[in-house]
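Take a look at the letters that make up each chain.
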Amino acid sequence: MLPGTAPPAEREIALRGGEITDGVVRVGGTVRRPVGPSAPAIHALLRHLPSAGFDRAPRFLGLDERGREILTFIPGEAATRPLPAHAVGDDSLVALARLLRRFHDASAGFPAEAYSWGPGSNDDLPPEVVGHCDVTPDNVVFRGGLPYALIDFDLARPTTRLFDVVTTLRHWAPVADPVDRDPLQRGLDVGARLRLFCDEYGVPRRDRRRLLDLARLRFDRSYANMRLRAVTDGGAWARMWAQGAGERIRRARAWLDAHEDEIQARLR
Ligand SMILES: Nc1ncnc2c1ncn2[C@@H]1O[C@H](COP(=O)(O)OP(=O)(O)OP(=O)(O)O)[C@@H](O)[C@H]1O
Ligand SMILES: [Mg+2]
């Protein structure tokens, strides 16, 4: 660099993945994201995780001059739709179950009650952990074809382990009507995948017994919550609702009811 010249401003590269957060960019080895109301809680959680032995989430490095959060960029690939074969395979499901278990074991020791968290549907039982509550394929970074890290903690909140398991399985088993599944997910044996995930996570028997009831409760509450946010928050929530998010939840719930017996048989 010539004496007296300023270093070039680092280039901002737009990152596209999910649907909610506009303005997510990569700057060198960092990601910059606009912050929401529960940012203090999420930042404290991200600071806690490495000290609890969980290094599979971005590190929080502070706020930049524009008030955006600065997170470490985790090399790898988030899965985008249409999902590739490795993202829908059993090996990925196994790795994801172990990753979620490690995350929960680390978040269980976080003093969540000291913070204020965002809204969202939830379990009725007392919280056991801080759940991610949005483990979709585009919020997981893959390495070598397997889930490696969790990103995008915007919806994290205190909940039960089982609630976060159910939320994750909604997308990954997936608990969805075949017409709404990604092409490579259509032929999957959902009951067998629920079982595999529960085995790898270590979901105890008493929780397996209430898994489908909790999935139904979550569908009903998510439906009401999304409908409300489409009106109160507008933006991407309104767009998702207009594009049929509510109908997809209804179809998933009906599909679950129609296949309850065979799924229960697999889970037992
Ligand atoms: N820390 C990170 N490391 C690596 N990649 C990241 C990181 N943060 C974001 N990305 C990439 O950017 C994409 C979008 O980021 P993010 O998930 O944070 O926002 P979003 O998807 O727009 O929000 P939402 O999921 O709430 O709709 C991700 O799917 C991923 O590909
Ligand atoms: Mg995302």
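Residues numbered from 1 in each chain as written. Chains lettered and ligands numbered in written order. Predicted model: local features only at pLDDT ≥ 70, side-chain atom pairs only at ≥ 80, totals over all residues. Heavy atoms only, no water.

The next point concerns helix H8 (residues 245–258). Think of an α-helix as turning once every 3.6 residues; residues three or four places apart then point the same way. End to end, H8 covers 20 Å across 14 residues, agreeing with the expected 20 Å (1.5 Å per residue, within 8%). Within H8 the residues assigned to the buried category are Ala245, Gly246, Ile249, Ala252, Trp255 and Leu256. Residues of H8 that are buried make contact with helix H4 (161–172), helix H5 (190–201), helix H6 (205–232), helix H7 (235–242) and helix H9 (260–267). (Helix = DSSP H or I, 4+ residues; strand = E, 2+ residues; numbered from the N terminus. Expected span 1.5 Å × (residues − 1). Buried < 20%, exposed > 50% of the residue type's maximum accessible area, 1.4 Å probe, protein only. Contact = heavy atoms within 4.5 Å.)

Here we take up the environment of Val94. Of note, Val94 is situated in helix H3 (residues 90–107). Put simply, Val94 and Tyr201 are 107 residues apart on the chain and 8.2 Å apart in space, counted from C-alpha to C-alpha. In contact with Val94, other than residues within four places in its own chain, are Leu196 and Glu200.

The subject of this paragraph is the pairing of strand S4 (residues 60–63). Judged from the 3 bridges that link them, S4 and strand S5 (residues 69–72) form a sheet pairing that is antiparallel. Looking across to S5, one finds that Phe60 is bridged to Leu71. Between the antiparallel neighbours S4 and S5 lie 5 residues, among them Gly67 with a positive phi of about 80°. (Pairing = 2+ DSSP bridges.)

What follows is about the environment of Glu12. As for its position among the elements, Glu12 is in the segment before strand S1 (13–14). Glu12 gets classed as partly exposed once you look at its relative accessible area, which sits at 37%. Along the chain, Glu12 and Ile249 lie 237 residues apart, while their C-alpha atoms are 36 Å from each other. The contact partners of Glu12, leaving out residues within four places of it in the chain, are Val25, Arg26, Val27, Arg66 and Arg68. A polar contact of 2.8 Å, which involves the side chain of Glu12, links it to the side chain of Arg68. (Polar contact = N/O pair within 3.5 Å; in protein donor to acceptor, adjacent residues only side chain to side chain.)

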